[in-house]
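Chain residues, written in single-letter form:
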Amino acid sequence: MLEVTGLEKSYGRNKVLKGVDLTVRKGEVIAIIGPSGCGKSTFIRCLNLLEEPDCGKIVYKGTDLVSADKKTRSETLKDIGMVFQQFNLFPHKTVMDNVTMAPQLVSKMSKADAEAKAEKYLKLVGMDHKKNSYPTNLSGGQQQRVSIARTLCMEPELILFDEPTSALDPEMVGEVLDVMKKLAEEGITMIVVTHEMGFARNVANRVVFINDGVIQENTTPQEFFENPKNERLREFLSKMI
């Protein structure tokens, strides 16, 4: 589904990504972990061109997003969803309005069809009972579940998660991870930047360790956690687990 080759990204003289290669198959859940500042968020933001790579290829279902023209990029990126650290919900709009906005504006869906789709995905994330509420009346965990429903309403085949639980109180982390686990069970392809080691171990098909702008380990959760080969990874895990 996705093949990344030689991805590089710099900010001024600071080279954040130094040639990242990654292949993702349909239905896989890839957990990306690593120390702060290692380039993981930059990497995932490059995948849907929120950050423009300096060089390399991002080939999604046969289309290289880096070299594609603006129209091809726009059409292809409709298939790639993103869930951010912050919820980015419009505070003056209800949950239903937040979730139905993109299908109506981007996909030109009728209001009735968008609301029917929203009902389906709000129910999936356990937030259908809050459809008439405003974001300010929801907990952080509830807001993040709404933001996941909003992403699902565009029916992407690949969803990118950039540390989706990092802005949450510890008590609210579990409810969001439960939703993500449910999505994994339904076969949705996901790439998840996370510090949640339990999710990486129990839900991901593969775990990727990024450090100093490159992938230093890319293997199964069992091998990753029980037999890490990279010295920096062993040091990182000793502090995280």
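Overview of the structure. (Residues numbered from 1 in each chain as written. Predicted model: local features only at pLDDT ≥ 70, side-chain atom pairs only at ≥ 80, totals over all residues. Heavy atoms only, no water.)

**Remarks on the packing of helix α3 (residues 95-105) against helix α5 (residues 140-152)**
Where α3 contacts α5, the two axes come as close as 8 Å, and the packing angle between them is 30°. Comparing their axes, α5 and α3 come out roughly parallel. The handedness of the crossing between α3 and α5 is right-handed. When α3 is examined against α5, the residues V95, N98 and V99 are found in contact with a partner set consisting of V146, A149 and R150. Among the residues forming the contact of α3 with α5, the class breakdown is four nonpolar, one polar and one charged. (Axes fitted to C-alpha atoms, helices over the stretch in contact; angles between N-to-C directions. Helix = DSSP H or I, 4+ residues; strand = E, 2+ residues; numbered from the N terminus. Parallel < 35°, antiparallel > 145°, perpendicular 65-115°, else oblique. Left-handed = near helix turned anticlockwise from the far one by under 90°. Contact = heavy atoms within 4.5 Å. Nonpolar A, V, L, I, M, F, W, Y, C, P; charged D, E, K, R; others polar.)

**A word on the nonpolar core**
As a rule of thumb, nonpolar side chains are buried together in soluble globular proteins. The biggest cluster of nonpolar side chains holds 46 residues, and the ones touching the most others in it are I148, L152 and F161. Of the residues forming this core, the biggest block, seven residues, is contributed by helix α6 (residues 170-185). In contact with L152, not counting residues within four places along its chain, are Y121, L124, V125, I159, L183 and I188. In this structure, C46, L49, Y60 and L160 belong to the second largest nonpolar core, which totals 26 residues. (Core = buried A, V, L, I, M, F, W, Y, C linked by side-chain atoms within 4.5 Å. Buried < 20%, exposed > 50% of the residue type's maximum accessible area, 1.4 Å probe, protein only.)

**A closer look at the sheet that holds strand β1 (residues 2-11)**
The strand order across the open sheet built from four strands is β2-β1-β4-β5, with neighbouring strands paired in antiparallel fashion. Each end of this open sheet is capped by a strand with a single partner; those strands are β2 (14-24) and β5 (63-64). Both strand β4 (residues 55-60) and β5 contribute to a ladder of two bridges, which runs antiparallel. Residue pairing for β5: Y60 is matched across the bridge by T63. The sheet strands contacting helix α1 (residues 40-47) are β1, β2 and β4, and the helix crosses β1 at an angle near 120°. (Pairing = 2+ DSSP bridges.)

**So, the sheet that holds strand β6 (residues 80-83)**
Read from one edge to the other, the open sheet built from six strands follows the order β6-β7-β8-β3-β9-β10, with strand pairing classed as mixed. The sheet is open, and its two borders are formed by β6 and β10 (214-219), each paired with just one other strand. Geometrically, the sheet is characterised by an average inter-axis angle of 20° between neighbouring strands, direction not taken into account. As paired elements, strand β3 (residues 29-33) and strand β8 (residues 189-193) share four bridges and run parallel to each other. Bridge assignment links V29 to a residue of β8, and that residue is M190. Lying over the sheet, α5 contacts β6 and β7 (158-162), oriented at roughly 170° with respect to β6.

**Focus: the packing of aromatic side chains**
Counting across every chain of the model gives two aromatic pairs. The interplanar angle of 45° and the centroid separation of 5.5 Å between the aromatic rings of F209 and F236 together place this pair among those described as tilted. One end of the pair, F209, is in strand β9 (residues 206-211); the other, F236, is in helix α9 (residues 231-240), and 27 residues separate them in sequence. We note that F209, like F236, is buried. On the numbers, 5.1 Å between centres and 70° between planes, the contact of F224 with F225 is edge-to-face. (Phe/Tyr/Trp six-rings, centres within 6.5 Å; stacked < 30°, edge-to-face > 60°.)

**Topic: the pattern of salt bridges**
In total, this model carries 16 salt bridges according to the counting rule given. Among the salt bridges present, the one from K131 reaches E119, with a minimum N-O distance of 2.6 Å. Of the two residues, K131 is situated in the loop between α4 (111-124) and α5 and E119 in helix α4; the sequence distance between them amounts to 12 residues. Across the salt bridge formed by E231 and R234, the nearest N and O atoms sit 2.6 Å from each other. Placement of the pair is E231 and R234 together in helix α9, with a separation of three residues, close to one helical turn. A relative accessible area of 35% places R234 in the partly exposed class. (Salt bridge = Lys/Arg side-chain N within 4 Å of Asp/Glu carboxyl O.)

**With respect to the environment of F90**
On the secondary structure map, F90 appears in the loop between β6 and α3. Owing to a relative accessible area of 39%, F90 belongs among the partly exposed residues under this scheme. Along the primary structure F90 and P135 are separated by 45 residues, whereas in three dimensions their C-alpha atoms are 7.4 Å apart. In this structure F90 touches N98, M101 and P135, once residues within four positions along its chain are discounted.

**Quick word on the packing of α5 against α6**
In the contact formed by α5 and α6, the axes pass within 8 Å of each other and the chain directions differ by 20°. Taken as axis vectors, α5 and α6 run roughly parallel relative to one another. Every pair of crossing elements has a handedness; the one defined by α5 and α6 is right-handed. Within the contact between the two elements, α5 uses G140, G141, Q142, Q144, R145, I148 and L152 and α6 uses M172, E175, V176, V179, M180 and L183. Residue composition of the contact of α5 with α6, grouped by class: seven nonpolar, four polar and two charged.

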